[in-house]
Amino acid sequence: MDAIWWQIFDLLGTTAFAVSGVFAAISRRMDLFGIFVLSAATAVGGGIIRDILIGNIPPAAFKNSIYLWIILGSMAVITIIVRYFNIRMWRRVVGKLSIWYLVCDAIGLGSFTVTGTLLGCFYYPDYWILDITLGVLTAVGGGVIRDVLAGRIPGVLRKEVYATASLLGSIFLYGAVIPFEVPLEVGAIVSFSVTVAIRLVAIRLHLNIPRIRRVRHRRA
Amino acid sequence: MDAIWWQIFDLLGTTAFAVSGVFAAISRRMDLFGIFVLSAATAVGGGIIRDILIGNIPPAAFKNSIYLWIILGSMAVITIIVRYFNIRMWRRVVGKLSIWYLVCDAIGLGSFTVTGTLLGCFYYPDYWILDITLGVLTAVGGGVIRDVLAGRIPGVLRKEVYATASLLGSIFLYGAVIPFEVPLEVGAIVSFSVTVAIRLVAIRLHLNIPRIRRVRHRRA
Amino acid sequence: MDAIWWQIFDLLGTTAFAVSGVFAAISRRMDLFGIFVLSAATAVGGGIIRDILIGNIPPAAFKNSIYLWIILGSMAVITIIVRYFNIRMWRRVVGKLSIWYLVCDAIGLGSFTVTGTLLGCFYYPDYWILDITLGVLTAVGGGVIRDVLAGRIPGVLRKEVYATASLLGSIFLYGAVIPFEVPLEVGAIVSFSVTVAIRLVAIRLHLNIPRIRRVRHRRA
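Residues numbered from 1 in each chain as written. Chains lettered and ligands numbered in written order. Predicted model: local features only at pLDDT ≥ 70, side-chain atom pairs only at ≥ 80, totals over all residues. Heavy atoms only, no water.

Visitor: I'm lost on the packing of aromatic side chains in this one. Help?
Guide: Geometry of an aromatic ring pair is reported as the spacing of the ring centres plus the angle between the planes. In this structure the tally under the stated criterion is 18 aromatic pairs over all chains. Ring plane angle 45° and centroid distance 6.4 Å describe the contact between Trp69 of chain A and Trp128 of chain C, whose orientation is recorded as tilted. You can see Trp69 of chain A sitting in helix α4 (residues 66–84) and its partner Trp128 of chain C sitting in helix α7 (residues 128–149), one on each of two chains. Assessed through its relative accessible area of 36%, Trp128 of chain C is described here as partly exposed. Summarising the aromatic geometry, the rings of Tyr123 of chain A and Tyr124 of chain A are spaced 6.3 Å apart at their centres and angled 40° between planes, so their arrangement reads as tilted. Among the aromatic residues, those joined into a ring-pair cluster are Phe122, Tyr123, Tyr124 and Tyr127 of chain A. (Phe/Tyr/Trp six-rings, centres within 6.5 Å; stacked < 30°, edge-to-face > 60°. Helix = DSSP H or I, 4+ residues; strand = E, 2+ residues; numbered from the N terminus. Buried < 20%, exposed > 50% of the residue type's maximum accessible area, 1.4 Å probe, protein only.)

Take a look at the structure:
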């Protein structure tokens, strides 16, 4: 997968998730190393899981230094903004900071859904479960690692339509590219838009997936 | 490992663990996606770890759609039962639900101990540590992932004779198959029975592994 | 990497981390199996992550039984000491137990920084990010797995100069061995000393990495 637009999605997703990881670490009062680890885990964690599952060893994140510079750059920009600007005032100007965090996160989700699914289609076009799972794992894997390292239940398991957006985008992309032979570029852009749109609409409308009524049981 | 009875153990364990994962997710009020993830993690998580460690890439769980259908089927059956039946009344009829959960879990433990150990013996018959570890990891790995994702200390580290049952079953199976050349079928069935029996007897008798008296120390 | 002094560092680190894992498990009132798992996770967990990332399958920890005996030996020695000696009195004699725990941990950190970085240089000398990451992951990976399994936020993300010591040692070693072609033995011993020294000085002086001022944001 050397296509230039594949790499654009890859770098876009990495940047968006690196920024969201920095926010998550700062909000938990971690030190500089902790910020780096959480940012890196969010930005490249999903891709490393993806590469291990398809046997792409060593994972791409370790071969190209661009990922490191994106993470360090995101750290520098965000920490300088947080440290040297009066955030309260700044927030009033720019609007709610959390909105930007959520938008970044949605962009990362959409980008990595595309890159994971396409890489799966490229390596193993016959295994549809693998390819769709790769899309979802690449998109949500980094966030799960971030949450486990930060000591909380992964938000993806508790929160609104998140992995579901990635799942729908991935199913759409696999279906478009493999059986219907839509050009990769078109499928990728539509899948990215679908995933981001579902995610943002879900946030806006406070959509939730239905839950099952609780049944009590003890685990001895 | 294409033997039909190997696959029987594999599917039996997958089903038992998929059901136990659904129970665990429902009891934590997760949404449908969370139920799916916990069920899938429990059912195929151990097998994915096993396949990564022996280089069986991509893992078997992604190649064959039967695992997906088992997980979705378990979700459908259990959520329908929980949702549409009056559980309190139903429990009085069938008996304690938790008993069924524990029996399912024990069957999964026994089945995956057998499949993990045998796959290890097939790929790397000379590495006894690897083969026995594969049996235990396949059996308890899914539960550990489930517990980490659900935000609790893995029960296997705290609770009664659980991994120990798997360990004894795996040692027995490796010993029977490699040095004594017992037929695989016989070794597998005996190992499965031993593991399940030890586990259920331990639950019944409230057996625990001895603990060491506490020593205080600080980690700076 | 069959050099005798590489193996000395490997066994030294394994022993030091196995002991520190036993201490961590005992202090959490785990049973014998839990002690074994935590000790094994700490001692060989980092190395298994390292081997998966470089495609060294099955991981070295499963091929050679020496690691198992080190873990079992550490368990036996420490549990006998804790169980049969009056720890309070013993501590007064030997000094603070926690000091020994920290020294063990620092020695493991230094040793595994060396082994991880050197293995990376051996397999993939051109990927500097991979090689330095391997040094740090081998050194801190086991501790992260131990902490996640024990249900706490990995100390490495919260605590003093820990991974930073490993990072500096690994950068030094890569720089010395690859561009400057220092003999491996010399680079390894200096890198080990640098890592352990930074870690111990940091503990002694209560050094911390600077933190960023908190910014509040909600994750919806």
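That covers the picture; the talk isn't over yet.
Visitor: Would you explain the packing of helix α9 (residues 163–177) of chain C against helix α10 (residues 184–205) of chain C in this entry?
Guide: Helix packing for two helices is described by the angle between their axes and how far apart those axes are. Residues and elements named next belong to chain C. The contact between α9 and α10 brings their axes to 8 Å, and the two run at 160°. One finds that α9 runs roughly antiparallel with respect to α10. Both α9 and α10 take part in a crossing whose hand is right-handed. Seen from α9, the contacting residues are Ala165, Ser166, Leu168, Gly169, Ser170, Phe172, Leu173 and Val177; seen from α10, they are Leu184, Gly187, Ala188, Val190, Ser191, Thr195, Ile198 and Arg199. Looking at side-chain class alone, the contact of α9 with α10 contains 9 nonpolar, 6 polar and 1 charged residues. (Axes fitted to C-alpha atoms, helices over the stretch in contact; angles between N-to-C directions. Parallel < 35°, antiparallel > 145°, perpendicular 65-115°, else oblique. Left-handed = near helix turned anticlockwise from the far one by under 90°. Contact = heavy atoms within 4.5 Å. Nonpolar A, V, L, I, M, F, W, Y, C, P; charged D, E, K, R; others polar.)

Visitor: Would you explain the nonpolar core in this entry?
Guide: Counting 101 residues, the largest nonpolar core has Val140 of chain A, Val140 of chain B together with Val140 of chain C as the members making the most contacts within it. Among all residues touching Val140 of chain C, those that are not within four sequence positions of it are Leu109, Val156, Tyr162 and Ala163 of chain C. Within the second largest apolar cluster, 87 residues are counted, among which are Phe62 and Ala106 of chain A, Ile129 of chain B together with Phe9 of chain C. (Core = buried A, V, L, I, M, F, W, Y, C linked by side-chain atoms within 4.5 Å.)

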